[in-house]
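# Residue-level structure breakdown
Each chain, written out:
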Amino acid sequence: MLKRPHITVVNYYYILPCNNGGKLATRDFYKALSEWFDITIVCFVGSEHTCFSSLSISPHLKLVPLALPEKLMKLDEEIQREYQVNKRCEPTFVTSIIRNAHQCRELVSQLCDISADSSIIITEHTYAYRLIKAVADKRDDLAVWYRAQNVEYDYKRNTWGVYQAPERAYREVFEIEQECCSDSRLILTITEKDAQRFHELYKAPKNRMLNISAGYDAENIKCVLPSERKKRASVSALYISSSAQVAVDAAYKIAETAKAFPQITFYIVGAVGGKLITNDFPDNVIVCGLVSEEKKYEFLSSCDFALNPIVGGSGLNIKMLEYFASGIPVICTEFGARGIAAADGENCIITREDSLADAILRFCALDIQEQDQIAANAHSLYLNHYTWRNSARRVVEMLKSDGDLLGLCKSAVPETDTKLFDFHEPPSFFPTGKIYIYGAGEWGTSCLKTLQEHRMIPFAFLDNDKNKQGKKVKDIIVLSPDSEEVNDSDATVILALVDWEDVLESLFVKGIGPDRIVVSLYGNKLFRLSDGRGCIPYFVDFNKIQRKVHSLCESFLKPSMR
């Protein structure tokens, strides 16, 4: 059998679990492209998260976590001081990668080994470009590509304001993206507008850009037309988004508009929920925050219409394609539909931001057959033009036009051979008895909502922040983790914080073992620590956790964890 051509992809953050548009876009585009290539996606992770050296997530798609050296991670602190910020934030993290990853011999050597059989190496976003260029410089036969999910410089201008990032941070993004666009053999864009912007900003040659559009993989989602939906008690609207500032602004617009529609329930779902101050929100706006995939699909298949009143940003909104794929009718701004050949009244309802209320009235006045037709047209548009398979084919056609480069025709596999493998995930677990939520931040409040949905009320929050201790968050008292009350032998502690592994040792010392510790990933996915061994999609290395605390907690570890 002819050896299949190989591609190495480098992403600056790990993509599992795939719980946002960027991660899904990376996984699913390369899943589609794996019909013609064997593909390895390299993701940067912290050293504490390397629970496997590689993971095959489909027959021809492999994920390799690449641990960032501790010395590189510590450079974040230096950049924080340079930027005069008082918390670890994305600008410092990506800047440390821009400045230092390519100078780290260990990373360059590891990536050289991983990409040894590759003909193409691709940077997702811009930040790993100098690193992959350092690898390509050691070979004459390795082509460097840049897959742009947006115009990164413009996007960061819209999103980093919350961090009060200095001008230097934006300049460094500009410079690295300029290098990507100037030197990459091929730039994959998702809209013609982005391609034009690259040409304006960086003089990127138009003959080295290929617009592959964007897509959505609906392999596991069912299209449910309005007439087929299980009706809620009231008409319901859905808005799903990330925490980007433009998304936050759109959420506030929705909340303001909702005041005119008390008969409609508006659900705001996703990371955007953690950025909202909801004191003035009307009762018919429900902020759900990050939810499980199952819960998201429940919203997508039951709500009456979706909203996307966004007016800023870059690239293409993947959530528009997710809406179209699921059969939910969409009300959006013209900017929200950018890059998609959607027509007002045919595939969706297009409106201006200041006319959102009128658009909702217009949609609600349609009969169910008209709503069905709009949703069906949108679904057909998605299938015909906006699947990731369509995007992958554009790449293959471009390569084939260049003399059947890399023997693609001989190495394609059936589409069925690109399906994702099933992975073990620990079962959802809801404790009984006295409950504490460790972490009174965004994940903690999201966890509280999850518990309340199941008619469960925690006894207290636990938090190391002394400014929170003794006060109430969402009417729940915040205690110090060192409180004597936490020693209750029947209590369950739910860890609802990003660095949850860091607090295990203190809990084990208190005599609280794995059976009484529940991890709440993103505030909603609950699993018992003792059930979590082998939970591959979350990069949880339970063997490493065991080694770390073994001398303190051996009597509490179940045999299955030893």
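Up top you'll find the structure we're talking about.
Residues numbered from 1 in each chain as written. Predicted model: local features only at pLDDT ≥ 70, side-chain atom pairs only at ≥ 80, totals over all residues. Heavy atoms only, no water.

## A few points about the packing of aromatic side chains
Cut-off, in case you're wondering: In this analysis, rings of Phe, Tyr and Trp, with Trp reduced to its six-membered ring, are considered paired at centre separations within 6.5 Å, and the interplanar angle assigns stacked below 30 degrees, edge-to-face beyond 60, and tilted for intermediate values. Think of it this way: any DSSP run of H or I at least four residues long counts as a helix, any run of E at least two long counts as a strand, and we number them from the N terminus. Under the scheme applied here, a residue whose accessible area is under 20% of the maximum for its type counts as buried, over 50% as exposed, and between as partly exposed, the area being computed with a 1.4 Å probe on protein chains only. In our convention, an over-ring charge means Lys NZ or Arg CZ found within 6 Å of a ring centre and within 35 degrees of that ring's normal.
Scanning the model with the defined rule gives 14 aromatic pairs in all. When the ring of Y153 is compared with that of F174, the centres are 5.3 Å apart and the planes differ by 80°; the resulting orientation is edge-to-face. Here the residue Y153 occupies a position in helix 6 (residues 152-159), and F174 occupies one in helix 7 (residues 167-183), the gap between them amounting to 21 residues. For the residue pair Y153 and F174, the accessibility class agrees, reading buried in each case. Directly above the ring of F299 sits K295, whose terminal nitrogen or CZ lies 5.4 Å from the centroid. Over the ring of F459 we find K434; its NZ or CZ atom is 4.3 Å from the centre of that ring.

## Some points on the pairing of strand 15 (residues 435-438)
Remember that side chains alternate between the two faces of the sheet whenever the strand is regular. What counts is decided by this rule: By definition, two strands form a pair when at least two bridges between them are found by DSSP. Crossover handedness is defined by viewing with both strands directed away from the observer: a clockwise path from the first strand over the helix to the second marks the crossover as right-handed.
Residues I435 and I437 point to one face of strand 15 and Y436 and Y438 to the other, with burial holding for every one of them. Sheet topology places strand 15 next to strand 19 (residues 492-495); four bridges connect them, and they run parallel. What sits directly across from I437, in strand 19, is I494. Chirality of the crossover, the property in question, places the unit of strand 15, helix 16 (residues 442-453) and strand 16 (residues 460-462) among those that are right-handed.

## Overview of the pairing of strand 19
Side-chain alternation along strand 19 places T492 and I494 on one buried face and V493 and L495 on a second face that is also buried. The parallel pair strand 19 and strand 20 (residues 517-521), bridged by helix 17 (residues 504-509), forms a crossover whose chirality is right-handed.

## Topic: the sheet that holds strand 21 (residues 525-528)
Put simply, the rule reads: For this analysis, residues touch if any pair of their heavy atoms sits within 4.5 Å. Here, axes are lines fitted to C-alpha atoms. For helices the fit covers the stretch in contact, and angles between N-to-C directions go from 0 to 180 degrees.
Taken in spatial order, the seven strands of this open sheet run 17-18-16-15-19-20-21, and their pairing is mixed. Each edge of the open sheet carries a strand with a single partner, namely strand 17 (472-473) and strand 21. In terms of strand pairing, strand 20 meets strand 21 through four bridges, oriented antiparallel. Across the sheet, the residue bridging to L521 is K525, located in strand 21. In the packing of helix 16 onto the sheet, the strands contacted are strand 15, strand 16, strand 17, strand 18 (476-479), strand 19, strand 20 and strand 21, and the crossing angle to strand 15 comes to about 150°.

## Focus: the side chain of H60
This is how it is decided: In the analysis that follows, any N or O atom pair within 3.5 Å is treated as a polar contact, provided that within protein one partner can donate a hydrogen and the other can accept it, and provided that, for residues neighboring in sequence, both atoms belong to side chains.
Among the secondary structure elements, H60 is positioned in the loop between strand 3 (55-58) and strand 4 (61-67). Owing to a relative accessible area of 17%, H60 belongs among the buried residues under this scheme. One polar contact links H60 to D38, side chain to side chain, over a distance of 2.9 Å. Setting aside residues no more than four positions away along its own chain, H60 makes contact with R4, S34, F37, D38, I39, V413 and D417.

## Some words on helix 3 (residues 90-100)
With respect to burial, helix 3 is a largely interior element, 10 of its 11 residues being buried. For helix 3, every residue scored as buried is listed here: P91, T92, F93, V94, T95, S96, I97, I98, R99 and N100. Looking at the buried positions of helix 3, the neighbouring elements they touch are strand 2 (38-45), helix 2 (70-83), helix 5 (129-136) and helix 7.

## A closer look at the environment of G312
Its place among the elements puts G312 in the loop between strand 12 (305-308) and helix 11 (318-326). Relative accessible area serves as the criterion here: at 12%, G312 is assigned to the buried category. In sequence terms G312 and F335 are 23 residues apart; their C-alpha atoms lie 7.1 Å from each other.

## Focus: unusual backbone geometry
Here the phi dihedral of K203 falls at roughly 60°; this positive angle occurs in a residue that is not glycine. Take K203: it is sitting in the loop between helix 8 (192-202) and strand 8 (209-211). One non-glycine residue, K474, adopts positive backbone phi at about 55°. Considering the arrangement of structural elements, one finds K474 in the loop between strand 17 and strand 18.

## A closer look at the sheet that holds strand 5 (residues 120-124)
With mixed pairing, eight strands are arranged side by side in an open sheet as 3-4-2-1-5-6-7-8. Each end of this open sheet is capped by a strand with a single partner; those strands are strand 3 and strand 8. The mean angle between the axes of side-by-side strands here comes to 25°, regardless of whether they run parallel or antiparallel. Where strand 2 meets strand 4, seven bridges bridge the pair, whose relative direction is parallel.

## Observations concerning the environment of I318
Relative to the helices and strands, I318 resides in helix 11. Residues I318 and A25 lie 293 residues apart in sequence; the distance between their C-alpha atoms is 7.9 Å.

## Digging into the side chain of D372
Inclusion rule: By the counting scheme adopted, Arg and Lys are positive, Glu and Asp are negative, and His together with the chain ends is not counted. Take a side-chain nitrogen of Lys or Arg and a carboxyl oxygen of Asp or Glu: if they are within 4 Å of each other, that pair is a salt bridge.
Mapped onto the elements, D372 comes out in helix 13 (residues 368-385). One buried charged side chain, D372, makes no salt bridge at all; its nearest oppositely charged neighbour is R229, positioned 7.2 Å away. In contact with D372, not counting residues within four places along its chain, are L225, P226 and S227.

## A closer look at the nonpolar core
The following threshold applies: What we call a nonpolar core is a set of buried Ala, Val, Leu, Ile, Met, Phe, Trp, Tyr and Cys residues that are connected through their side-chain atoms within 4.5 Å.
Counting 117 residues, the largest nonpolar core has L33, F198, L238 and F324 as its most contacted members. Take this core: its biggest share by element is seven residues, from helix 7. Apart from the residues within four sequence positions on either side, F324 is in contact with V330, I340, A342, N347, C348, A378, H379, L381 and Y382. The next biggest cluster of nonpolar side chains, apart from the first, holds 27 residues, and it includes A250, A255, F281 and I349.

## Points about the pattern of salt bridges
What the rule picks out here adds up to 21 salt bridges. Where R130 meets E179, a salt bridge forms, and the shortest distance between an N and an O atom there is 2.6 Å. Taken together, the positions of R130 in helix 5 and E179 in helix 7 put the pair 49 residues apart, joining distant regions of the chain. By relative accessible area, E179 is classed as partly exposed at 26%. For R197, the salt bridge identified is with E200, shortest N-O distance 3.9 Å. Taken together, the positions of R197 and E200, both in helix 8 and three residues apart, correspond to about one turn of that helix. Salt bridges here are not isolated pairs; linked through shared partners, they connect E82, R99, R168 and E172.

## Examining helix 8
The cut-off we apply is this: This arc is taken over the directions from the axis of the helix to the C-beta atoms.
Regarding helix 8, the residues found buried are D194, A195, F198, L201 and Y202. Taken down its axis, helix 8 places every buried residue within 135° of arc, on the same side. Away from its buried face, by an angle of more than 90 degrees, helix 8 presents the exposed residues E192 and K193. Buried residues in helix 8 make contact with strand 6 (143-147), helix 6, helix 7, strand 7 (186-189) and strand 8. At the C-terminal side of helix 8, K203 shows a positive phi close to 60°.

Geometric descriptors of this kind do not, in isolation, establish any biological role.
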